[in-house]
Amino acid sequence: QVQLVESGGGLVQPGGSLTLSCAASGRIFSIFDMGWYRQAPGKQRELVARITNGGSTTYADSVKGRFTISRDNAKNTVYLQMNSLKPEDTALYYCNADLLEYEFRRRKDYWGQGTQVTVSL
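The model shown is predicted, which means the values in this text are computed figures rather than measured ones.

Q: Lay out the pairing of strand β1 (residues 3-7) with the relevant residues and their values.
A: Residues of β1 alternate between two faces, with Leu 4 and Glu 6 buried on one and Gln 3, Val 5 and Ser 7 left unburied on the opposite face. Inspection of the sheet shows β1 paired to strand β3 (residues 18-25) by five bridges, in the antiparallel sense. Opposite Leu 4, over in β3, you have Ala 24 as the bridge partner.

Right under this line is the structure:
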């Protein structure tokens, strides 16, 4: 099975920084877009940032200028550098990958299990 594993979450004070990582592994032929989503209690899951296999990026308005998404195609890994963190950034952050599985080259959407980011004093 294809797996997405996130890491880097934790507790940080307002104004601090964190870097999230997500590594995809398994029977993968190629990966198209990768992205980060987040969900806070009582709210819908929302897009934070996405990046295409060519490096084009999209950000939520709420994180523009503070977060940076990047990827290492050789490692099948996507990163999210988070600066100037605010309490409202507190959420469970999920990694997403749109990819082709090796067997039959089937296109599928995969999600990680999430990593918690808490911004608080």
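Next, the rest of the story.
Q: Describe the state of the cysteines, naming the residues involved and giving the relevant values.
A: Within the structure shown, the criterion is met by one disulfide. Linked covalently through their sulfurs, Cys 22 and Cys 95 form a disulfide whose S-S length is 2.0 Å. On the sign convention where negative is left-handed, the bridge of Cys 22 and Cys 95, at about -85 degrees about the S-S bond, is left-handed. One end of the pair, Cys 22, is in strand β3; the other, Cys 95, is in strand β9 (residues 91-101), with 73 residues separating them in the sequence. Of the two residues examined, Cys 22 and Cys 95, each falls in the buried class.

Q: Can you break down the pattern of salt bridges residue by residue, with the values?
A: Considering all chains together, one arrives at eight salt bridges under this definition. When the shortest N-O distance is used, the salt bridge between Asp 61 and Lys 64 registers 3.2 Å. For Asp 61, a relative accessible area of 66% translates into the label exposed. Taking the shortest distance from any N to any O, the salt bridge between Arg 66 and Asp 89 comes out at 2.8 Å. One end of the pair, Arg 66, is in the loop between β6 (57-59) and β7 (67-72); the other, Asp 89, is in the loop between β8 (77-82) and β9, and 23 residues separate them in sequence. In the salt-bridge network here, residues are joined through shared partners; they are Arg 38, Glu 46, Arg 66 and Asp 89.

Q: Which residues make up the packing of aromatic side chains, and what values do they have?
A: The full count for this structure, using the stated rule, is one aromatic pair. The positively charged end of Arg 45 is found above the aromatic ring belonging to Trp 111, 4.8 Å away from the centroid. Lying over the aromatic face of Tyr 102, Arg 105 brings its terminal NZ or CZ to 4.9 Å of the ring centre.

Thresholds applied
- Residues numbered from 1 in each chain as written.
- Predicted model: local features only at pLDDT ≥ 70, side-chain atom pairs only at ≥ 80, totals over all residues.
- Heavy atoms only, no water.
- Buried < 20%, exposed > 50% of the residue type's maximum accessible area, 1.4 Å probe, protein only.
- Helix = DSSP H or I, 4+ residues; strand = E, 2+ residues; numbered from the N terminus.
- Pairing = 2+ DSSP bridges.
- Disulfide = S-S within 2.5 Å.
- Salt bridge = Lys/Arg side-chain N within 4 Å of Asp/Glu carboxyl O.
- Phe/Tyr/Trp six-rings, centres within 6.5 Å; stacked < 30°, edge-to-face > 60°.
- Lys NZ or Arg CZ within 6 Å of the ring centre and 35° of its normal.

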